[in-house]
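Structural characterization, general
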Amino acid sequence: MRFLVKATIPNSTGNARMLDGTFASRLQSVLEDIKPEAAYFTAVGGHRTAFLIINMSDGSQIPGIGEPLFLAMDCELEVYPVMMLDDLMNAEPAIAAAVQKYG
């Protein structure tokens, strides 16, 4: 199952990592370990932010994704299950059953 992970780096930590020259190497190391399918970087609310798409077979893998981000970059995380269009299409029978029962 795919998850969207929003990782926000506090400015104090990001600035410290930039000034000591470890920002890029720490981030690259974490990404090599957690192996996202895709990684996008931007600023949200004035903070360095990464949006990562990660495929996990089990929710118990979330700590293995989170801990490197917590420890290396002091990130605040939000984790959301997400679907591809094919996943949504496969959910159609369950959606129809809910509509039939509760709609």
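Attention in this report is confined to the structure presented alongside it. Computed from a prediction, not measured in an experiment: that's the story for all the values here.

Some words on the sheet that holds strand 1 (residues 2-9)
Here we have four strands laid out as an open sheet, ordered 2-3-1-4, and antiparallel in their pairing. Unpaired on one side and paired on the other, strand 2 (38-44) and strand 4 (76-82) mark the two borders of the sheet. Between one strand axis and the next, the sheet turns through 20° on average, direction left out of account. Of the strand pairs in this sheet, strand 1 and strand 3 (residues 47-55) are connected by eight bridges, and their pairing is antiparallel. When the bridges of strand 3 are listed, Thr8 appears paired with Thr49. Strands strand 1 and strand 3 of the sheet are contacted by helix 1 (residues 11-19), whose axis makes an angle of about 95° with strand 3. Running at roughly 15° to strand 3, helix 2 (residues 23-34) makes contact with strand 1, strand 2 and strand 3 of the sheet.

Looking at helix 2
A rise of 1.5 Å per residue sets the reference length of helix 2, with its 12 residues, at 16 Å; its end C-alpha atoms lie 17 Å apart and thus fit the reference within 8%. Those residues of helix 2 that sit buried are Phe23, Leu27, Val30, Leu31 and Ile34. Looking straight down helix 2, one finds that the buried residues subtend no more than 95° of arc, so they occupy a single side. For helix 2, the secondary structure elements touched by its buried residues are strand 1, helix 1, strand 2, strand 3 and helix 3 (62-73). Remark: Lys35 follows helix 2 within two positions and exhibits a positive phi of approximately 50°.

Description of the nonpolar core
In terms of nonpolar packing, the biggest core is built from 18 residues, with Ile34, Leu52, Ile54, Ile65 and Leu69 touching the most fellow members. For this core, the elements supplying multiple residues, two or more each, are strand 1, helix 2, strand 3 and helix 3. With five residues, helix 2 is the largest single contributor of residues to this core. Contact partners of Leu52, with chain neighbours within four places excluded, come to Phe3, Leu4, Val5, Leu31, Ile34, Pro36, Ala38, Ala39 and Leu69.

A few points about empty space enclosed by the protein
Any space left empty among the atoms is revealed by the rolling of a water-sized probe across them. Using the criterion set out here, one finds one cavity of 30 Å³ or more in the structure. Together, Ala7, Ile9, Leu27, Leu31, Ala50, Leu52, Leu69 and Cys75 line the largest cavity. Of all elements in the fold, only strand 1, helix 2 and strand 3 reach the threshold of two or more residues within the lining of the largest cavity. Partitioned by chemical class, the residues of the lining of the largest cavity number eight nonpolar, no polar and no charged.

Rules behind the numbers
- Sequence positions are assigned chain by chain, starting from 1 and proceeding in written order.
- For a predicted model such as this one, the threshold for reporting local features is a pLDDT of at least 70, and the threshold for listing and counting side-chain atom pairs is 80 or more; totals across whole chains, interfaces and linings nevertheless cover every residue.
- Computation of side-chain values: all heavy atoms of the structure, hydrogens and water removed.
- At least two bridges found by DSSP between two strands are what make those strands a pair.
- Helix and strand assignments come from DSSP, with helices taken as H or I runs of at least 4 residues and strands as E runs of at least 2, each series counted from the N terminus.
- All axes are obtained by fitting lines to C-alpha atoms, using only the stretch in contact for helices, and the reported angles, taken between N-to-C directions, cover 0 to 180 degrees.
- Pairs of residues are marked as contacts when any of their non-hydrogen atoms sit within 4.5 Å.
- For a helix, the expected span equals 1.5 Å multiplied by the number of residues minus one.
- Relative accessibility under 20% of the residue-type maximum defines a buried residue, over 50% an exposed one, and the middle range a partly exposed one, all with a 1.4 Å probe and only protein chains included.
- The arc in question is formed by the directions pointing from the helix axis toward the C-beta atoms.
- Among the buried residues, those of types Ala, Val, Leu, Ile, Met, Phe, Trp, Tyr and Cys that are joined through side-chain atoms within 4.5 Å form a nonpolar core.
- Grid points spaced at 1 Å and placed over the protein atoms alone form the basis of the search, with a cavity being a set where a 1.4 Å probe fits but cannot get out and a pocket an open set showing protein on both sides within 12 Å along at least five of seven lines. Lining residues have an atom within 4 Å of a point.
- Grid points are joined across faces, edges and corners, and a volume is the space filled by probe spheres set on the points.
- Gly is placed with the polar residues, together with every amino acid not listed as nonpolar (Ala, Val, Leu, Ile, Met, Phe, Trp, Tyr, Cys and Pro) or charged (Asp, Glu, Lys and Arg).

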